[in-house]
Structure formats: C-alpha cells, structure tokens
Amino acid sequence: MPEMGIEEEVFETPEKPEKDESTLNLENEGQKIILQVENLSKTYFQGKIPVHALRCACITVRKGELLAIMGPSGSGKSTLLALIGTLEKATDGKIILDGTDLTSVPEKLLPRVRREKIGFIFQHYNLIPTLSALENVELSMRFSRVPKKEREERAKALLEELGLGDRLSHKPSELSGGEQQRVSIARALANKPTVILADEPTGEVDSKTRDSIVRVFKELSEKGQTILVVTHDPEVAKECSRVVRIKDGTIKDH
Amino acid sequence: MFDLIIRNIMNRKVRSALTVCGIALGIFAVIVMGAMSENFHQTFERSMSVTSDKIRVFSESGVFGGGLTEDKVSDVLRVAGVKDAYGLLMTTFDEDKMGMTGKQILGVPPEKSSVALYPVDLKAGRFLNPGDSYNVVVGSNIQREYKLQIGSKFEIHDKYFTVVGILDYTGSIFDNAVIIPLETAQDLYDVGNSVSYIFAVPDERIDAEMLSKRIELSVKGTSTLSPGELEVQARQSFMIFSVITISSGLLAAIIGGLCVMNTMLMSVAERTREFGILKAIGAETRDILLLTLGEASFMGLFGGILGILVGSVAVYIMNAWLANTRIVLFLITPRLLVIAMLFALLIGALSGLYPAYRASKMSPMEALKHA
C-alpha cells in the first residue's frame, strides 16, 4: 500500500504449501503486522556534506512474511536493515517491531532488543572463527544468560534441523560456504527472534547452496518466522512472498 | 565467559606468551626488590622491638663523634626516672662489611649483658658474667658461619676469645653481633673509657620521651634518642630504602603493563569485526568489557604467577649463594606475595581498561564494516 510516495509490491510465492490446519493458523497469524517502518530516514555526514542513505522509507511487514529488499549497491538496502536491526540510529522516523518503537528504546536496552527480537544473517557469515559451529550458535544465547545445558541442546537441535548434525564441532574454516551460512541461520534463530534480517545471505555461495538457503528461509517463513532478505539476486527475490525495491535511499515501485 | 576468555588468550599463543612474560618480568622485579625490602623491614622491626625500652644517650657530636665516656653513665643514672644506665661500645667486626648485614662487636658491661640484650634469649651457654674478660657471646648467624660451639675459640682483632653463650635467632641485628665485655672491647680497640652510646632504662610509669628530654638537659654534652625518635629516624631511612627498591620493581612492572596494553589494543583492533558481530547478536557493553578486561586480567594473573615463581626461585638461589657470607638479603613474606599478585592483576586490568573501553564503545555497524 503506497505511503508517502513509497510503494511495495507483493509477489505470489510460486509454490504455496498445501493448506492444512496448522498452516491455516499461521496464515491467520500472518495477518498480524509485526514490523512497521514509518518515514525512516538516515543521513550521514561526509565532512559537512550530508549524504541521504535512506529517505522517508515506509514498509509494513506481517508475521511470517519472507520479504526481499532489492536495489543497486549503495541504494540504502543495507542501511534499512541496519536501522531495523538497531545497529544504527535513524535520523528520523519510527520502527515499530512487535509493538515496540525501536527508535525510542534507550541505547543501553538495544542489545536486549537485538538478542530477543532480531536475528542477523550476514553475507560473509560473520561467524567467530575460533568457535565451533555449536559454540557459534550458542553464543547469542550466552548473552541472554540461557543455562549452558539448555543452550547446548537448542543449538544442537537447530544445527541438526539445518542438516549440520555432523558438523557441530567444526570450526568455520572447516565448513563450506553453504554450511557456514546455515550455521549463521541457526545462530539467528537461536533466541527465537521476532524477525530475521538477512543481508545478502546468498552473495557468497553458488547457485545450489543459494537454493538450499532460500529453501530454509521458505520453510521458516511457512512456520511463521518473519524474514527480511536484502538481495541482488532475482532468483532469491522470486522465491520471496514480497519484494521491496530501493533506489537512492527511496523505496520505489517495482 | 571464562572459557571464551581463555580461548582468546590461547588462540594467540605467541603474543599472549610474550605479554605474560612481560608482566612476569615486572613481577619478578617486584618480588626480588620487594624481598630485599622485606628483609630490611623485618630486621628493622625486630631490632626495634628488642631495644624499644631503652633511651640512647650519645655524645653531642653524634655516635661517631667520640667524646662520650663511661663517666657520663653516673650522670645519666642521677637523672630522676632513670632506672638503669650503662655504656656500650659498638664497632664493626669486618671493616668491609658495614651496615645491618655486617657483623658488629658490641662491648657491654658483663653484668649488664642479659639486660642489654633483653628480650633476646640464649640458645646455649650463658650471658657474660662479671669477671669475664676474653669470653664472648655470639649471635646465631656468627655461630653458624664460624661453626662455633660453647667453649670454641674465636679470634677477634688478633685475640682469642672463648665462646660462653650463643644467642637465639632473632632476625635482628643481634644475629650478627659479637658481644664481649666492655673493658676488653675498649682495650682491644684502644679507645680508653669511651663508649659509643649509653643505654638509659626508664623507670616503670615514666614516659620515655619526657625522660629522654630530661637527660639531654641534665647531662651536659649529650644528646638523646628516645625509642620514639629512634623509630621515626630509622623508619625514615627504611622508607627511603623501600621507595628506591620498590619503585625500581614497580617501574619494571609498569613496563609489563604497557606490554599488556599494547597487546590488548592490537587484539581489539584485530577483532573489531568480531566485536561488531558480538554486538549484533546482542552482547551487552558489559559482556564486551568483561571479555576484553578478563583477557587482560588473566594475562596479568598468569604473568603474576610466573613472575612470583621465577622471582621466588631467584631469591632462593641468591639467598643460598649468599649463605656462606651469612648475609641474608632477601625475604619473601606472604604480604609480598599478595602485593605482587594484586599488582599483577591490577596491571592486567588497568592495562586492559582502555582497550576494553574502546571495544565496548564501538558502533556495531562500523565494527561490522571493518575488514
């Protein structure tokens, strides 16, 4: 729905799952608005020159949506993700995630928001090289003070679910790109976040791995997990339930 | 967090080891210099405790100025409040080994030898008795060095003395004392009836400080050192010595601290992206602080332990080496160990403070962009 000159487009997911009772419930829940970005702007200063990385962006995301954010390099997609993820402070506007306005959350409470409500997936995986796959997944739960046994069990379950049951003790350098990204997905899911923010998650992998990652995203989305994916790849966007395009810091109609 | 801290240290083995060695070197210096200071401190404290009840009366021109004779003893005794007084002649046994670790000849009136040395006890034999002339009571270090027994002959200034008493170990100057009758000492060193100083023992319930002033006013040509004044004077000298020894140790330890800071700053710079990741996945500022400070503190801890171990071994070896000369230069006390350990931890933590602050204040986004 167009807002403030910013438009969004909804794509139909090509392969819709069969509607059983659980998916029906999820779809009903899917109507719930989980994320609302209102007139979000970010201006940097290069010396005294202002650079508008994002201008009055508005997006509404419903629970369980797999939303692709596309646009050329430097268009502001990663900035949008960083702002939603509270990694950066917006110059103006609001980000309402699960009823909380993140722009008004005090700085010192932001780590808690990131732990409890947001899961990050990065293009370069950003795993801690000295930790094993299991420990990498456990890490965010450590910061949530989850007891050791519980976090180990959960990390193990997540990795097994993502097909990495036999790679638990492997360090990132001993894993393929696809495996590392799946560890990174497991890490993002560890604290059961409200939304997953994936920044070019398939940018470093081959097409086969890309397809498997997208498949994981779709499965998670079907289970009610909201995911925002920044991507250049039309093949990834095609698989998402909706695509938002950004150009020069402004969300454009596709 | 503990396992992450240890892992971070272990992942950079060579660098961590060098940093730990830097701190260890500093703590080694603290231990060695501190042990020297502790030894002097103990000798000082014990020496004070065994002579704390007496007022020292000197010649106006000072202890080495001469001019104080035995005649003054009766003058001092006449001062109201003085219970007892006797002169002592003090001189070095070996000319080349002056000071507290050197041996000293103490000429004491034989009948006063037990009170002059009180509360030092005898390990064997007896104190000097009236009528003794070429008899000697020796301190425990002298006895061990010369392997003396009761009845042994002991040469002083080309004369042979018979050992009649051996003192208990006190940790004070009396361990290196050779006590002979005053008259014999005066003859031996050809000083007439001169004495180095007079010990004045105050009556009970008499304020030693007041009495000290009274003696100074009543007995012409003398100056006094009350137990309090002596302690202040000795403490000042001891403080100067301590400041010199301890500060040289601390200097080395501070250099070790800079070593940690350098390592931690490098580590933080290298791990900028890692801190960004940690922040992105929800690490609190205190988590980052804990990780970085913990790492620095652990290096401080390891450096401290290593420094204390190596320092203790070095002190042990040096003491063993000096054992022949009966000079005890180093003393490791529990207090010194605690100070050294706390100092190592403090150095680690303080040196890690700035790097930790930098790490915790990083913008997560900026940190993530870091190559």
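This is a predicted model, so every value here is computed, not measured.

Concerning the interface of chain A and chain B
Counting residues at the interface gives 15 residues for chain A, matched by 13 residues for chain B. Looking at side-chain class alone, the side of chain A that touches chain B contains 7 nonpolar, 4 polar and 4 charged residues.

Notes on the packing of helix H1 (residues 2-11) of chain B against helix H10 (residues 285-322) of chain B
Residues and elements named next belong to chain B. It is at 9 Å that the axes of H1 and H10 come closest, and there the two elements cross at 65°. The element H1 and its partner H10 pack so that their crossing is right-handed. Across from Leu4, Ile5, Ile6, Asn8 and Ile9 in H1, the residues of H10 making contact are Leu291, Gly294, Glu295, Phe298 and Met299. Grouping the amino acids of the contact of H1 with H10 by side-chain chemistry returns 7 nonpolar, 2 polar and 1 charged.

With respect to helix H5 (residues 148-161) of chain A
Residue and element names in this part refer to chain A. An ideal rise of 1.5 Å per residue puts 20 Å on 14 residues; H5 measures up with 20 Å between its terminal C-alpha atoms. Taken together, the buried positions of H5 are occupied by Arg151, Ala155, Leu158 and Leu159. Angular distribution of buried residues about the axis of H5 spans 95°; they occupy a single face of the element. Turned more than 90 degrees from where H5 packs its buried face, Lys149, Glu150 and Glu153 sit exposed. Contact partners of the buried residues in H5: helix H4 (133-143) and helix H6 (177-189). One or two steps after H5, the chain reaches Gly163, where phi turns positive at roughly 75°.

Some points on the sheet that holds strand S3 (residues 49-62) of chain A
Residues and elements named next belong to chain A. Read from one edge to the other, the open sheet built from 4 strands follows the order S3-S2-S5-S6, with strand pairing classed as antiparallel. For this open sheet the edge positions go to S3 and strand S6 (100-101), each flanked by a neighbour on one side alone. Two elements, strand S2 (residues 33-46) and strand S5 (residues 92-97), share 5 bridges in a ladder whose sense is antiparallel. What sits directly across from Glu38, in S5, is Lys94. Each of S2, S3 and S5 is contacted by helix H2 (residues 77-84), which is oriented at about 65° to S3, the strand it contacts most.

Side note on the packing of H4(A) against H6(A)
All names here are of chain A. Contact geometry for H4 and H6: axes closest at 7 Å, N-to-C directions at 30°. With respect to H6, the axis of H4 lies roughly parallel. Crossing geometry of H4 relative to H6 is assigned as right-handed. Residues Ala133, Asn136, Val137, Leu139 and Ser140 of H4 touch H6, and the partners they reach there are Val183, Ala186 and Arg187. Taken together, the residues that form the contact of H4 with H6 break down as 5 nonpolar, 2 polar and 1 charged.

Rules behind the numbers
- Residues numbered from 1 in each chain as written.
- Chains lettered and ligands numbered in written order.
- Predicted model: local features only at pLDDT ≥ 70, side-chain atom pairs only at ≥ 80, totals over all residues.
- Contact = placed C-beta atoms within 7 Å.
- Nonpolar A, V, L, I, M, F, W, Y, C, P; charged D, E, K, R; others polar.
- Axes fitted to C-alpha atoms, helices over the stretch in contact; angles between N-to-C directions.
- Helix = DSSP H or I, 4+ residues; strand = E, 2+ residues; numbered from the N terminus.
- Left-handed = near helix turned anticlockwise from the far one by under 90°.
- Expected span 1.5 Å × (residues − 1).
- Buried ≥ 20, exposed ≤ 12 C-beta atoms within 10 Å, placed from the backbone.
- Arc of directions from axis to C-beta.
- Pairing = 2+ DSSP bridges.
- Parallel < 35°, antiparallel > 145°, perpendicular 65-115°, else oblique.

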